[in-house]
Amino acid sequence: MRRLLDDADFPASEIRRKLLAHVVEETISGRGEKLKGVVLAQDVFDRDADFNQQTDPVVRIEARRLRRDLDSYYAHHADRCVIRFSIPKGAYVVAFERQAAPGFVPDTHPLVDPSDGATKRGSRLSLPVIGLLGVILVLVAAVVAAFFYGKRFPQAAPAELAPKIAVADVRNLSGADDLTYFADGLTHQIIDRLMRYDSFSITALPDAETVLTAETLAALRAEHGITHVASGSLMPGGGDADLRFLVQLYRTDGQIVWSGTYGGEMTARSMQHLQESIATQVAGVLAQTYGVVALDEHNRVQPDTAAEEQTFGCLLRAHYYRRNFARALRAPVLDCLRAATVSEPDNSDAWAMLGWVLRDAAMFEPHDETERRALMEQALASTDRALELGQNSQLALQAHSANLYYTDHFAEAEALIRRAHDLNPQDPEVLHQLGWRLAARGHLSEGVGYVREAISRSIDAPSRYYNFLAIEALIDGRDDDLRGPAELSSNGGSAVGDILLAIAQHRAGADPAQVEATFRRAERRIPGIVADPVGYLAGHRVVPEIINPIVAAMKDAGWSPDLAKAQ
């Protein structure tokens, strides 16, 4: 464990390293039964005895992030460890596993993860009726999928670089022959939902009878350029009409990247909804901006490889930068995006991301007003070009909407981001962009509703997603609900999260020195935010009725502009 915690390549934050050390020590000491969310909140996250995990999900979210940290580390550095740690979903007791030998061959059946299942109650359908309705659903789904197959989406990169996902036919292993039609319809529904994301290409398996082994996966990559395969099976559930859907994402080098379980009960009213719900959830987990495929591709294409020279590698780095706006990445990302638009002048995504990062450079780098205005003009021109090249590109719509927002064209900006939402209402990044801007402009309740939905649809929400949850709690006077999202934001590297956490610490009676240190951390992350919080928030077009209570709470917590000078 110490070797892992001391390894600089282990991506966990300090608080998640502390969490891992604690749960490992408790497990091996035989106290695993005491590893509950409430206990961990007090022992690791310094919460009080009245901690409410329903309003403050810090333990659950940080545990989920820790699982991701472990998976990412073992995917690239498994050779450094004799013992592998994992924290199964639904609990905090650590599982220990001796590392397997090289040459892994995937199982031909998906892994079962019962903790993710969900059952709904209702009047059951007989299997013949299910079969009849399944025929109707598969025909409708086939028509919808055919429509989307005919759509052309802008490609984030040349076909040989962008991920290419094959969707295997859903297998019916439920024992009920009539569910074959439901399985076929579910295949088409998953393809339909995945086609709404434009960051990779989708295909069916060239041979529907393909059995997924190390050899066939390698052949799919070599002969068809397929990078990932999504494979799922219907399994029997707890009753005659109950079912579970088990799904895995394979990388075609033989590794299982992700596995999940979904379920429900087949009823007269729920069957079509269940099919659509499962497909939407699976596609969202795989395809969202910070989803399974994006994370896997980022881990695969490392910054020091030749792929960085390619547009695709550049776009991966740009998405990674925009997750938390790391200053050290901004300049190299900007350079590679400029080069990408020269080498591929018709690439909509490259222009969109260039405009977005130019906007960041204009806002966050020290420039005089003339330089800042010139950068913003370049940013707006870049995203305008992106939208010309891809009128229905999610990235172009989001980026141009953002740049219109920051040039005070609020109605046009909202119209574009709502258009992106209409095209794909499940995309967490679109939901967040729409939500935080509505909240910033004074529509707090409506905006936070979209933000909450963005978080609920994210497998690992960026820290900035939590800012307006904390701001809403602050303005509403709900101190018990303030610290949780503020701490999640701060732990993820957000300077706004630091300020909100400092306020929460003060209201919880923390030592003034601790509060001051949190304010100072915010200034280190974004110089100027503590010296002039009004200017920073106004720069993001936040209205005075939101800014004023934040600054008043900062003053109550001991803030003054002089704190920025004490760095």
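Computed from a predicted structure; not experimentally measured. (Residues numbered from 1 in each chain as written. Predicted model: local features only at pLDDT ≥ 70, side-chain atom pairs only at ≥ 80, totals over all residues. Heavy atoms only, no water.)

A. Broad picture of the overall build of the protein chain. When helices and strands are counted, the protein chain shows 23 helices and eight strands. Put simply, the protein chain has 567 residues, and 52% of those count as buried. Here the analysis covers contacts within the protein chain between residues at least 6 apart in sequence; of these, 64% occur between residues at least 24 apart. (Helix = DSSP H or I, 4+ residues; strand = E, 2+ residues; numbered from the N terminus. Buried < 20%, exposed > 50% of the residue type's maximum accessible area, 1.4 Å probe, protein only. Contact = heavy atoms within 4.5 Å.)

B. Expanded view of the pairing of strand β3 (residues 164-167). Bridge count between β3 and strand β5 (residues 201-204): four bridges; the pairing is parallel. When the bridges of β5 are listed, Ala-166 appears paired with Thr-203. Pairing geometry for β3 and strand β6 (residues 228-236), over three bridges, is parallel. Looking at the pairing, Ile-165 lines up with His-228 of β6. (Pairing = 2+ DSSP bridges.)

C. Looking closely at helix α19 (residues 483-491). With eight of nine residues buried, α19 is to be regarded as a mostly interior element. Among the structural elements, α4 (58-77), α18 (467-476), α20 (495-507) and α21 (512-525) are those in contact with the buried residues of α19.

D. Quick peek at unusual backbone geometry. The phi dihedral of Asp-46 is positive, around 60°, even though this residue is not glycine. Non-glycine residue Arg-541 carries a positive phi angle of around 65°. With respect to the helices and strands, Arg-541 occurs in the loop between α22 (533-539) and α23 (544-556).

E. Local environment of the pattern of salt bridges. All told, the structure shown has 28 salt bridges when counted by the stated rule. Between Arg-322 and Asp-360 there is a salt bridge; the shortest N-O distance is 3.9 Å. In this pair, Arg-322 sits in helix α10 (residues 311-324) while Asp-360 sits in helix α12 (residues 348-364), placing the two residues 38 residues apart along the sequence. Residue Asp-360 is classed as buried on the basis of its relative accessible area, which comes to 0%. Where Asp-498 meets Arg-521, a salt bridge forms, and the shortest distance between an N and an O atom there is 3.1 Å. Of this pair, Asp-498 sits in helix α20 while Arg-521 is found in helix α21, placing the two residues 23 residues apart along the sequence. A residue is classified by how much of its surface remains accessible, and Arg-521, at 26% relative accessible area, is partly exposed. Put simply, Arg-452, Glu-472, Asp-476, Arg-478 and Asp-481 are held in one network by salt bridges that share partners. (Salt bridge = Lys/Arg side-chain N within 4 Å of Asp/Glu carboxyl O.)

F. Highlighting the packing of aromatic side chains. Under the definition given, this model contains seven aromatic pairs. Plain terms: the ring middles of Phe-10 and Tyr-73 are 5.7 Å apart, the flat faces sit at 80° to each other, and that makes the pair edge-to-face. In this pair, Phe-10 sits in the loop between α1 (2-6) and α2 (14-28) while Tyr-73 sits in helix α4, placing the two residues 63 residues apart along the sequence. Taking relative accessible area as the criterion, Phe-10 reaches 2% and is therefore assigned buried. Ring geometry for Tyr-405 and Trp-436: centres 5.5 Å apart, planes at 70°, overall edge-to-face. Here Tyr-405 is found in helix α14 (residues 394-405), whereas its partner Trp-436 is found in helix α16 (residues 428-440), with 31 residues between them in sequence. Classification of Trp-436 by relative accessible area gives buried; the value is 13%. (Phe/Tyr/Trp six-rings, centres within 6.5 Å; stacked < 30°, edge-to-face > 60°.)

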